[in-house]
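Observations on chain architecture
Here is how the chains run, residue by residue.
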Amino acid sequence: MEYLEFELPIKDLEEQLKKCQLIGEESDVDVTETCEQIEKKLQVAQKEIYKNLTPWQRVQLSRHPDRPYTLDYIKAICGDSFLELHGDRNFKDDKAMIGGLGKIGDQSFMFIGQQKGYNTKTRQYRNFGMANPEGYRKALRLMKSAEKFGIPVVTILDTPGAYPGLEAEERGQGEAIARNILEMTRLKVPIITVIIGEGASGGALGIGVGDTVLMLENTWYSVISPESCSSILWRSWEFKEQAAEALKLTAKDMKKLKLVDEIIKEPLGGAHRDREKTFTKVSNAIVKAFDNLKNLSPKDLVAQRWDKYAQMGVFKD
């Protein structure tokens, strides 16, 4: 387990607890009472730290190296039923954007999401979760296939942004994202969006137009990252904490501004602390969202989606 800077008090107590338990196992000394005292201190420390997280600390948790990624969720939710589909039928297969068919119970879904890597080699392979235009075009191809066969779409967001390289711009990065946003607004099947980590800029929005948008508790969703915002406003990354506060990018802020529909509560300490519990909560939230949408006609579904997004940013005096 890796620890973030603000988690170091928890790390110290957990190490003390392990040492205490080890002494009890390797000797005849009764350490039960001492272990209980450390456990109580640990519980108090965890509650104090995780119940009062700043926006920047939530950004850090969303990037935690032990946090589950898109394929972890899909494999846990769908099991062996997941069939990955590849390519945009135009340029190549983008490894940062994955998609395919999978089942939750007896219901089929088209899953689409950004995938990050676990180590240096896989991060390069997945391009750090930053999709190229062909990734968004692959996503659109899969959405259109789902529409053709009446299969609901689940998009999973976790990206620091679309790939900003010269070759991506040459192949039409902006057009690909804009095209996806347009087509998603009029897709005739339910779209359920889940933000599981970073939801940055147009890179996230390119697959983020949903009838129901779900957001895990320790994630963020914004037009720009705190570091980039800090570098633009203050010409330095040192003000990233102030930027995170000002951007109103946390799940609580998003729900308050009616930009997301529901917050999925994470286990104490983050999704990586209890993966199975997190997977179950996300699966249940997807099924619940689909149950609320499945009886709508395609016409009503599209009309409701248009109304939802048309209301965003409306100011009433």
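Owing to the predicted nature of the structure, the values given are computational and were not obtained by experimental measurement.

**Side note on the overall build of the protein**
- Regarding its fold elements, the protein presents 14 helices and eight strands.
- Against the 2.2 N^0.38 benchmark of 20 Å for 317 residues, the protein shows a C-alpha radius of gyration of 21 Å, consistent with a compact globule.
- The C-alpha extent of the protein, read off along each of the three principal axes, is 70 × 50 × 50 Å.
- The proportion of buried residues among the 317 residues of the protein is 50%.

**Some remarks on a negative patch on the surface**
- Together, Asp30, Glu33, Glu36 and Glu39 line one region of the surface with negative charge.
- One can find Glu36 in helix α2 (residues 32-50).
- The exposure class assigned to Glu36 is partly exposed, which follows from its relative accessible area of 43%.

**Observations concerning the pattern of salt bridges**
- The final tally for this structure, using the stated rule, is 20 salt bridges.
- Close ionic contact of Glu183 with Lys144 constitutes a salt bridge, the shortest N to O distance being 3.1 Å. Taken together, the residues span a long stretch of sequence, with Glu183 in helix α8 (residues 173-185) and Lys144 in helix α6 (residues 133-148) at a distance of 39 residues.
- Exposure remark for Glu183: the relative accessible area of 10% places this residue in the buried category.
- Judged by its relative accessible area of 35%, Lys144 is partly exposed.

**Quick look at α6**
- With 16 residues, α6 extends 23 Å between its outermost C-alpha atoms, agreeing within 8% with the 22 Å of an ideal straight helix rising 1.5 Å per residue.
- If you check which residues of α6 are buried, you get Pro133, Glu134, Gly135, Tyr136, Lys138, Ala139, Leu140, Leu142, Met143 and Ala146.
- The elements touched by buried residues of α6 are β2 (97-104), β3 (107-114), β4 (153-159), α7 (166-170), α8 and α9 (201-205).
- Looking one or two residues past α6, Gly150 carries a phi angle of roughly 70°, positive in sign.

**Structural notes on the packing of helix α4 (residues 70-78) against helix α13 (residues 275-293)**
- Contact geometry for α4 and α13: axes closest at 10 Å, N-to-C directions at 75°. What the angle tells us is that α4 and α13 run roughly perpendicular. Counted together, Asp72, Tyr73, Ala76 and Ile77 of α4 and Arg275, Thr278, Phe279, Val282, Ser283 and Ile286 of α13 form the full contact between these two elements.
- Taken together, the residues of the contact of α4 with α13 sort by class into six nonpolar, two polar and two charged.

**Some remarks on the packing of α6 against α8**
- Interaxial distance between α6 and α8 falls to 8 Å at its minimum, and their mutual angle equals 20°. When the axes of α6 and α8 are compared, the pair comes out roughly parallel. When you trace α6 past α8, the crossing you get is left-handed. On α8, the residues that touch Pro133, Tyr136, Arg137, Ala139, Leu140, Met143 and Lys144 of α6 are Gln173, Glu175, Ala176, Ile177, Arg179, Asn180, Glu183 and Met184.

**A look at the pairing of β4**
- Counting buried positions over the seven residues of β4 gives seven, a clear majority of the element.
- Neither face of β4 is exposed, since Val153, Thr155, Leu157 and Thr159 on one face and Val154, Ile156 and Asp158 on the opposite face are all buried.
- Here six bridges tie β4 to strand β5 (residues 191-200), and the two strands are oriented parallel to one another. Looking across to β5, one finds that Ile156 is bridged to Val194.

**Overview of the environment of Asn90**
- By secondary structure assignment, the location of Asn90 is in the loop between β1 (83-84) and β2.
- Residue class for Asn90 comes out exposed when judged on its relative accessible area of 62%.
- In sequence terms Asn90 and Val153 are 63 residues apart; their C-alpha atoms lie 22 Å from each other.

**Observations regarding the environment of His86**
- With respect to the secondary-structure elements, His86 resides in the loop between β1 and β2.
- The partly exposed category is assigned to His86, whose relative accessible area is 39%.
- For the pair His86 and Val154, spaced 68 residues apart in the sequence, the C-alpha separation amounts to 17 Å.
- Among residues more than four places away in sequence, those in contact with His86 are Asp93, Lys95, Lys138 and Arg141.

**Section: a nonpolar patch on the surface**
- On the surface, a nonpolar cluster with roughly 320 Å² of combined accessible area is contributed by Ile232, Leu233 and Trp234.
- By secondary structure assignment, the location of Ile232 is in helix α10 (residues 226-234).

**Considerations on the packing of aromatic side chains**
- Inspection of every chain in the model, using the stated rule, returns five aromatic pairs.
- When the centroid spacing of 5.2 Å and the interplanar angle of 45° are considered together, the rings of Tyr69 and Tyr118 count as tilted. Placement of Tyr69 in the loop between α3 (55-62) and α4 and of Tyr118 in the loop between β3 and α5 (120-125) is noted, with a sequence separation of 49 residues between them.
- A residue is classified by how much of its surface remains accessible, and Tyr118, at 40% relative accessible area, is partly exposed.
- Ring geometry for Trp234 against Phe239: centres 5.2 Å apart, planes inclined by 25°, an arrangement best described as stacked.
- Taken together through their ring pairs, the aromatic side chains of Phe109, Phe111 and Phe290 make up a single cluster.

Calculation notes
Residues numbered from 1 in each chain as written. Predicted model: local features only at pLDDT ≥ 70, side-chain atom pairs only at ≥ 80, totals over all residues. Heavy atoms only, no water. Helix = DSSP H or I, 4+ residues; strand = E, 2+ residues; numbered from the N terminus. Rg over C-alpha atoms; globule rule 2.2 N^0.38 Å. Buried < 20%, exposed > 50% of the residue type's maximum accessible area, 1.4 Å probe, protein only. Patch = residues over 30% accessible without salt bridge, like charges linked within 9 Å, V, L, I, M, F, W, Y side chains within 5 Å. Areas by Shrake-Rupley, 256 points an atom, 1.4 Å probe, with all protein chains shown as cover. Salt bridge = Lys/Arg side-chain N within 4 Å of Asp/Glu carboxyl O. Lys, Arg positive; Asp, Glu negative; His and termini not counted. Charge placed at Lys NZ, Arg CZ, Asp CG, Glu CD. Expected span 1.5 Å × (residues − 1). Contact = heavy atoms within 4.5 Å. Axes fitted to C-alpha atoms, helices over the stretch in contact; angles between N-to-C directions. Parallel < 35°, antiparallel > 145°, perpendicular 65-115°, else oblique. Nonpolar A, V, L, I, M, F, W, Y, C, P; charged D, E, K, R; others polar. Left-handed = near helix turned anticlockwise from the far one by under 90°. Pairing = 2+ DSSP bridges. Phe/Tyr/Trp six-rings, centres within 6.5 Å; stacked < 30°, edge-to-face > 60°.

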